[in-house]
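# Reading the structure
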Amino acid sequence: MRRVRIGHSWPGFPRIDRLPASAYIAAMAVREILILPDKRLRKASEPVKKVDAGIRKLIEDMFETMYDAPGIGLAAVQIGTPKRVVTLDLAKKEEPKNPQVFINPEVVWCSDEQSIYEEGCLSIPETYSEVERPARVKVKYLDTDGTPREIEVAGLLSTCLQHEVDHTNGVLFIDHLSRLKRDRIVKKFTKAAKRAG
Ligand SMILES: [Zn+2]
């Protein structure tokens, strides 16, 4: 069993340096990440009908927000835009960036073999738990040109993609835990939200 924290950066991962300022970069925005128990996280997202300028701007904002957090995966619903768009970058700090985009991702096949990773989530900060999921999945999606694609993924990419596809369906990683563990986490975040007013 491999234990890797997902959702947040690798342990000790520094914040990624901002790119040099330009009009293009300045147009991107770090958006606010919704935090549990925000009800918007529980709504299923709408499919993207057309990959247009609005969707490309959304993707830029998602990367800006994800790298700023820092995190390795984000679904659009986490920044309050309920569209079926997922961004990932699993590159380690010594590796070049590897931004990946999945539009309308859908799991079309799962292996019987399972794997366990310790997961986290930018919408459930500082909370990590082991989650068992299919070790390999096939995912259908559109790329940023709107071209249909299908990939088979394994390992950390498989787990991260399943975690993000769950978000597009209003599902959080804590839903894969025992009710006792899940209730404890929800209670803690509900209290914190009340305290924050
Ligand atoms: Zn998440």
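Summary of the structure given here. (Residues numbered from 1 in each chain as written. Predicted model: local features only at pLDDT ≥ 70, side-chain atom pairs only at ≥ 80, totals over all residues. Heavy atoms only, no water.)

## Digging into the pairing of strand β4 (residues 100-110)
- Pairing analysis gives four bridges linking strand β3 (residues 85-88) to β4, with the strands arranged antiparallel. Across the sheet, the residue bridging to Thr-87 is Val-101, located in β4.
- By the bridge criterion, five bridges tie β4 to strand β7 (residues 136-142) in an arrangement that is antiparallel. Considered in β7, the bridge of Ile-103 is made with Leu-142. (Pairing = 2+ DSSP bridges. Helix = DSSP H or I, 4+ residues; strand = E, 2+ residues; numbered from the N terminus.)

## A look at the sheet that holds strand β2 (residues 73-75)
- Reading across from one edge, β2-β3-β4-β7-β8 is the order of the five strands in this open sheet, with antiparallel pairing throughout. Each edge of the sheet is formed by a strand with only one pairing partner; in this case those strands are β2 and β8 (148-154). This sheet shows a mean twist of 40 degrees between the axes of neighbouring strands, independent of strand direction.
- Pairing of β2 with β3 involves three bridges; the strand directions are antiparallel. Opposite Ala-75, over in β3, you have Val-86 as the bridge partner.
- On top of the sheet, helix α3 (residues 155-168) reaches β2, β3, β4, β7 and β8; it is set at about 125 degrees to β8, its chief contact. (Axes fitted to C-alpha atoms, helices over the stretch in contact; angles between N-to-C directions. Contact = heavy atoms within 4.5 Å.)

## Regarding the packing of aromatic side chains
- Scanning the entire structure with this criterion turns up two aromatic pairs.
- For the pair Phe-63 and Tyr-67, a centre-to-centre distance of 5.8 Å together with 20 degrees between the ring planes defines the contact as stacked. One end of the pair is Phe-63 and the other is Tyr-67, both in helix α2 (residues 53-68) and four residues apart, which spans about a single turn. The same class applies to Phe-63 and to Tyr-67, which are both buried.
- Measuring from ring centre to ring centre gives 4.8 Å for Phe-102 and Tyr-141, while their planes differ by 65 degrees; the resulting arrangement is edge-to-face. (Phe/Tyr/Trp six-rings, centres within 6.5 Å; stacked < 30°, edge-to-face > 60°. Buried < 20%, exposed > 50% of the residue type's maximum accessible area, 1.4 Å probe, protein only.)

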